Amino acid sequence: MPRPSKYSPERIEIRKEAERIVAFIREFGPVTMGDILTAWEQKGEMIEPHVLNRALRKSPFIVHIGYTSEDDGKKHLWAFEVDE
């Protein structure tokens, strides 16, 4: 199966959703993945796992800053950071 065009409607939507996740982290960060999923569920929306992964791992502005120490185990903390 050939890879969809870089400008296909599906890939454009995935990119826009990843940008919304980055904007959320910029405004409310540092956050965990659970915080992001909860915020989207409250809006009545769902995030595809590959889109969340793309936003967290591929964005040059999102960095892993450590872990939380909550009752249900350690969770990754993600923050927005700009190199100067």
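Residues numbered from 1 in each chain as written. Predicted model: local features only at pLDDT ≥ 70, side-chain atom pairs only at ≥ 80, totals over all residues. Heavy atoms only, no water.

Student: Can you tell me about the side chain of Thr32, naming the residues and giving the values?
Tutor: By the element assignment, Thr32 lies in the loop between α1 (9-28) and α2 (33-42). Among residues more than four places away in sequence, those in contact with Thr32 are Thr68, Lys75, His76 and Leu77. (Helix = DSSP H or I, 4+ residues; strand = E, 2+ residues; numbered from the N terminus. Contact = heavy atoms within 4.5 Å.)

Student: Before we move on, could you go through unusual backbone geometry and cite the residues and values that matter?
Tutor: Omega for the bond connecting Gly29 with Pro30 falls within 30 degrees of zero, at -5 degrees, which places this linkage in the cis form. Its place among the elements puts Pro30 in the loop between α1 and α2.

Student: Please set out the pattern of salt bridges residue by residue, giving values where relevant.
Tutor: Counted by the stated rule, this structure contains two salt bridges. Between Arg20 and Glu17 there is a salt bridge, with its nearest N and O atoms 3.0 Å apart. Pair noted here: Arg20 and Glu17 are both in helix α1, with a separation of three residues, about one helical turn. Assessed through its relative accessible area of 32%, Arg20 is described here as partly exposed. Overall, Glu17 belongs to the buried group, its relative accessible area being 16%. With a shortest N-O distance of 3.0 Å, Glu45 and Arg20 are connected by a salt bridge. (Salt bridge = Lys/Arg side-chain N within 4 Å of Asp/Glu carboxyl O. Buried < 20%, exposed > 50% of the residue type's maximum accessible area, 1.4 Å probe, protein only.)

Student: Describe helix α3 (residues 49-58), with residues and values.
Tutor: Taken together, the buried positions of α3 are occupied by Val51, Leu52, Ala55 and Leu56. Taken end-on, α3 shows its buried residues confined to a sector of 125 degrees, consistent with a single buried face. Relative to its buried face, α3 has exposed residues pointing more than 90 degrees away, namely Pro49, Arg57 and Lys58. (Arc of directions from axis to C-beta.)

Student: Got a sec to walk through the packing of aromatic side chains? Specific residues and values, please.
Tutor: Summed over the entire model, instances satisfying the criterion amount to three aromatic pairs. With a centroid separation of 4.9 Å and an interplanar angle of 45 degrees, the aromatic rings of Phe24 and Phe28 are classed as tilted. Pair noted here: Phe24 and Phe28 are both in helix α1, with a separation of four residues, about one helical turn. Given the relative accessible area of 13%, Phe24 is considered buried. Since its relative accessible area comes to 48%, Phe28 is described here as partly exposed. With a centroid separation of 5.6 Å and 80 degrees between ring planes, the pair formed by Phe24 and Trp40 is classed as edge-to-face. Of the two residues, Phe24 is situated in helix α1 and Trp40 in helix α2; the sequence distance between them amounts to 16 residues. Take Phe24 and Trp40: they sit in the same class, and that class is buried. Here the aromatic residues Phe24, Phe28 and Trp40 are joined through ring pairs into a cluster of three or more. (Phe/Tyr/Trp six-rings, centres within 6.5 Å; stacked < 30°, edge-to-face > 60°.)

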